[in-house]
Amino acid sequence: TQTVSQSDAHVTVFEGDSVELRCNYSYGGSIYLSWYIQHHGHGLQFLLKYYSGNPVVQGVNGFEAEFSKSDSSFHLRKASVHWSDSAVYFCAVSAPGATNAYKVIFGKGTHLHVLP
Amino acid sequence: EAAVTQSPRNKVAVTGGKVTLSCNQTNNHNNMYWYRQDTGHGLRLIHYSYGAGSTEKGDIPDGYKASRPSQENFSLILELATPSQTSVYFCASGEGHYAEQFFGPGTRLTVL
């Protein structure tokens, strides 16, 4: 059974700061990882995904994430945040070939607050 | 542009009543999903479907039924609503097991 953990429920930064949102997973085999963003009152929107290859993947709006097998992590980063990046960010995992490969398991989310 | 719509957007129901939440997608995706979102729990999968006529139980199916009458439509049914089912419900569609999911705007359900 795969699990995903987002250790920070809230992260607060100032506009223009860099930010890293942490995601750790547990699973013994190959894994498929993604990040989603949810603005207040809306559904989730896909940001980026990783399965294999270059461990650093680029997403929309300047977001990138780095996969680390040794740390079982898939942290999301942005070099310079904007106030519009304030939202809840969800890390998600799915395991190809596993019994439950049909579904995506979401973390509990990290609420990013960007102050002016 | 791909789109997932949900109706109603807000619903107040009484305990013991029947509630039907509807979802429509124009993505032509085979897979559709129903989640509920609660503070402290993130998103939890209730039911999902691989295509018209199929429904499968997710992680928390108790108290819910699902119906997929067509490729485009996927409904979530609460036969006897309870206050514990007060939540925000999201529908999503996706193609393949590992592709990104496209989410609807959500339905806020309050059961009194």
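In case you missed it, the structure is sitting above this.
Just so you know, these numbers come straight off a predicted model, no measurement behind them.

## Considerations on the overall build of chain B
Step number 1: Secondary structure assignment for chain B yields 0 helices and 11 strands.
Step number 2: When its helices and strands are written in sequence order, chain B yields β-β-β-β-β-β-β-β-β-β-β.
Step number 3: For 112 residues, the compact-globule estimate of 2.2 N^0.38 gives 13 Å, and the C-alpha radius of gyration of chain B, at 13 Å, lies within 12% of that figure.
Step number 4: With respect to the three principal axes, the spread of C-alpha positions in chain B is 35 × 30 × 25 Å.
Step number 5: A buried classification covers 50% of the 112 residues belonging to chain B.
Step number 6: Contacts spanning at least 24 positions in sequence make up 55% of the contacts within chain B whose residues lie at least 6 apart.
Step number 7: Taken as a whole, chain B presents about 5,100 Å² of accessible surface, with 51% of it coming from carbon and sulfur.
Step number 8: Computing the positive centroid from 9 side-chain charges and the negative centroid from 9, chain B places the two 10 Å apart.

## Here's the deal with the nonpolar core
Step number 1: Core analysis: the biggest nonpolar cluster contains 28 residues, and Leu33, Trp35, Leu47, Leu48, Phe74, Leu76 and Tyr89 of chain A have the highest contact counts within it.
Step number 2: For this core, the elements supplying multiple residues, two or more each, are strand 2 (10–14), strand 3 (19–21), strand 5 (32–38), strand 6 (44–50), strand 8 (64–68), strand 9 (73–78), strand 10 (87–94) and strand 12 (110–115) of chain A.
Step number 3: Ranked by the residues each element gives to this core, the list is headed by strand 10 of chain A, at 4 residues.
Step number 4: Residues in contact with leucine 76 of chain A, not counting those within four places in the same chain, are Val19, Glu20, Leu21, Trp35, Leu47, Leu48, Phe63, Glu64, Ala65 and Tyr89 of chain A.
Step number 5: By size, the runner-up hydrophobic cluster in this structure holds 18 residues, among which are Met32, Tyr64, Leu78 and Tyr89 of chain B.

## Some thoughts on the state of the cysteines
Step number 1: Counted by the stated rule, this structure contains 2 disulfides over all chains.
Step number 2: There is a disulfide in this structure between cysteine 23 of chain A and cysteine 91 of chain A, and the S-S distance comes to 1.9 Å. Where cysteine 23 of chain A bonds to cysteine 91 of chain A through sulfur, the torsion about that S-S bond is close to -65°, and the disulfide is left-handed. Here cysteine 23 of chain A is found in the loop between strand 3 and strand 4 (24–26), whereas its partner cysteine 91 of chain A is found in strand 10, with 68 residues between them in sequence.
Step number 3: Accessibility expressed as a relative area gives 0% for cysteine 23 of chain A, which makes it buried.
Step number 4: Take cysteine 91 of chain A: its relative accessible area is 0%, and that puts it in the buried class.
Step number 5: Disulfide partner of cysteine 23 of chain B: cysteine 91 of chain B, at an S-S distance of 1.9 Å.

Each value, and the rule that gives it
Residues numbered from 1 in each chain as written. Chains lettered and ligands numbered in written order. Predicted model: local features only at pLDDT ≥ 70, side-chain atom pairs only at ≥ 80, totals over all residues. Heavy atoms only, no water. Helix = DSSP H or I, 4+ residues; strand = E, 2+ residues; numbered from the N terminus. Rg over C-alpha atoms; globule rule 2.2 N^0.38 Å. Buried < 20%, exposed > 50% of the residue type's maximum accessible area, 1.4 Å probe, protein only. Contact = heavy atoms within 4.5 Å. Areas by Shrake-Rupley, 256 points an atom, 1.4 Å probe, with all protein chains shown as cover. Lys, Arg positive; Asp, Glu negative; His and termini not counted. Charge placed at Lys NZ, Arg CZ, Asp CG, Glu CD. Core = buried A, V, L, I, M, F, W, Y, C linked by side-chain atoms within 4.5 Å. Disulfide = S-S within 2.5 Å.

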